[in-house]
Amino acid sequence: MGLQQKLQILGQGSDEKVKKRFYIGLLLAIVVFAYGNTLVNAFTMDDIRLYILQNPQVTHPSLKSLFTPHNITNVFRPVTFGTFALDWKIGNGRPLAFHVVNLLLHAAVTVLFYLLLQTALQSLIHGRSVAFAAALLFAVHPIHTEAVTSIVGRAELLAAGFLIGAWLLHLQDREIAALVCFVLALLSKESAVVFLPLALIGDFARGQWKPTFRYLRIAGVTLLYLGVLWKVQGGHFGPTDISVLDNPLASIPAAPRIFNALHVAWKYVGLQVYPATLSCDYSYNQIPVYDLRYGLRRLLPWAIAALAALGGWIWAVRKRQNGWVLAGGIYLAGFATTANIFIPVGTIMGERLAYFPSAGFCLLVALAWNWLQNRQRKLAVGVLAALVAVLGLRTVIRNRDWKDNLTLYTSAVRAVPGSAKMHQNIAFEYMEAKQLDLARKELQTALQINPAYPEALALYGLLESWQGNYQAAGQMMEKAFYMTRREDPAYDAIAVNLATLYMQTDHLDGALGVLNREISESPGYARAWANRAVLRYKAGQIALARADAEMALRLDPGNRQAQNLMQLLNASNPSVSSR
């Protein structure tokens, strides 16, 4: 080979590196454009109630606690909670640090997806253009807002990022690094167990199989993880109990569950094709659940359509349409563990669950775009630019809905008016803002949708007590208390609110009984200790009141009720406070 030829080859390689860096820089800039306005958002929804503000794994972390399932939802995600704990420490408990990390993670996943497709589509004509187009769509698609903008959506980002990283390393024959990334993906979220089928699909599409023992080692890591997960979650997978409110499919037999789940699967497709109306919730009774005896006519067309789509993917496998094989494989594997088909999960539908599967959808659109590019290049470039601009603008607008709980729930009741939970949630926000008439209206709507909704009943009872209607309040709150199960996340608050009502109406024995039971069952709940401290102070049991107030403050130093009582106790007996 002559010197001139060598210089030409080196020049081509250099140009390709520059072009790749330019594309990566452009992807990063587009992610910042699409999600930069999330940095001003507050904590919302499960950030507050479950996984961050009220989660000792985050606020008071330890290695043991991080490798323990969450005490309410039973999820085992030490890597995800570890990053939350780090953000909590660095950002002093403010949401900004959490949002910055989520934005950076989405940018990283987008770049990794681009690099993966560049490698996996090497044999495809214009494969690099297809990879870039798919990554552009993935960067801005509005269905990702829940995973990126909601802080607790980080589990999706981490699992997808480590999973794509593991896949890319597998393609590059870096087996140890791939397995390490796979383990990190599993410890971020359980849905990462699909690595083996993804690796097989990718190797089939490239026509480059790895040694058999490499697949066996991936299978071995998967089985080992499943065994550990089974053990730490108490001899089962997933939550100990799935609420019918969150997932009505969890309580029905397998056959109707699968038919209804296929119906829901097409709702995901609809949101990816036309993401105009998005919601943080799809719980009871926004998506009707049909019995096979009477609803088969409604469900059968969706099942047939799903079989047809699966048949189309199998045809692509047989014809070695490698791009289509890859796109369908990512989509099917991505939803395999969360679609309520093989096992019921904690929700009937959640946009965050579409984060990784949508990579397959974006690749599918990019392949269709490539068909146009091969015929009308200028038109194809214009179409892609317009599509990215429209999707990016929709994402920017959707991010504003996640500013705080009030804006989020306001958007949700418009998007999913059949969700009892969203009407109850926005009623709570109205009560916080002292807009009691609006709260009453929303609670009435929630109870019309689901009359057996204990949280809505309890909140309605609290509203009635605020307005002095103690008899109605007592009836509602007692009914809610006896309807609520111990494992329900709302149980503690409902119990203490009932005890508070008993105290307000001088039913002190009843209040003490509820509080004693609550403290024995949930000794880490500070509000129960604080309320019992007040009750004992009223009964003249000063020493016991002080002990309960001190315990409440040890559990929650910011508990205002315990703080006020301690000030009162110290003022009346300064000799005790000075010791």
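Before going into details, it helps to say that this report is about the structure given with it.

Quick word on the overall build of the chain
Next up, step 1: Across its full length, the chain holds 28 helices and zero strands.
Next up, step 2: A compact globule built from 579 residues would reach a C-alpha radius of gyration of about 25 Å, and the chain, at 27 Å, matches this within 12%.
Next up, step 3: The 579 residues of the chain split such that 51% are buried.
Next up, step 4: At a minimum sequence separation of 6, the contacts of the chain that also span at least 24 residues come to 70%.
Next up, step 5: Total accessible area computed for the chain in this model is approximately 27,100 Å², and 62% of it derives from carbon and sulfur atoms.

Focus on empty space enclosed by the protein
Next up, step 1: All chains considered together, the criterion is met by two cavities of 30 Å³ or more.
Next up, step 2: Its volume calculated, the largest cavity comes out at about 120 Å³.
Next up, step 3: Forming the boundary of the largest cavity are 14 residues, of which Glu156, Ser191, Gly334, Phe356 and Pro357 lie nearest the centre.
Next up, step 4: Counting only elements with at least two residues in the lining of the largest cavity, the list comes to helix 9 (154–171) and helix 15 (322–335).
Next up, step 5: Of the pockets and cavities examined, the second largest cavity occupies roughly 40 Å³.

What to know about the packing of helix 6 (residues 95–120) against helix 9
Next up, step 1: The geometry of helix 6 relative to helix 9 is characterised by a closest axis approach of 9 Å and an angle of 30 degrees between their N-to-C directions. Between helix 6 and helix 9, the crossing angle belongs to the class labelled roughly parallel. Seen from above, helix 6 lies across helix 9 with left-handed handedness. Counted together, Phe98, Val101, Asn102, Leu105, His106, Val109, Leu112, Phe113, Leu115, Leu116, Thr119 and Ala120 of helix 6 and Arg154, Leu157, Leu158, Ala160, Gly161, Ile164, Trp167, Leu168 and Leu171 of helix 9 form the full contact between these two elements.
Next up, step 2: Of the residues contributing to the contact of helix 6 with helix 9, the split by class is 16 nonpolar, four polar and one charged.

Rules and cut-offs
- Residues numbered from 1 in each chain as written.
- Predicted model: local features only at pLDDT ≥ 70, side-chain atom pairs only at ≥ 80, totals over all residues.
- Heavy atoms only, no water.
- Helix = DSSP H or I, 4+ residues; strand = E, 2+ residues; numbered from the N terminus.
- Rg over C-alpha atoms; globule rule 2.2 N^0.38 Å.
- Buried < 20%, exposed > 50% of the residue type's maximum accessible area, 1.4 Å probe, protein only.
- Contact = heavy atoms within 4.5 Å.
- Areas by Shrake-Rupley, 256 points an atom, 1.4 Å probe, with all protein chains shown as cover.
- 1 Å grid on protein atoms, 1.4 Å probe; cavity = no way out; pocket = protein on both sides within 12 Å on 5 of 7 lines; lining within 4 Å.
- Points joined across faces, edges and corners; volume = space filled by probe spheres on them.
- Axes fitted to C-alpha atoms, helices over the stretch in contact; angles between N-to-C directions.
- Parallel < 35°, antiparallel > 145°, perpendicular 65-115°, else oblique.
- Left-handed = near helix turned anticlockwise from the far one by under 90°.
- Nonpolar A, V, L, I, M, F, W, Y, C, P; charged D, E, K, R; others polar.

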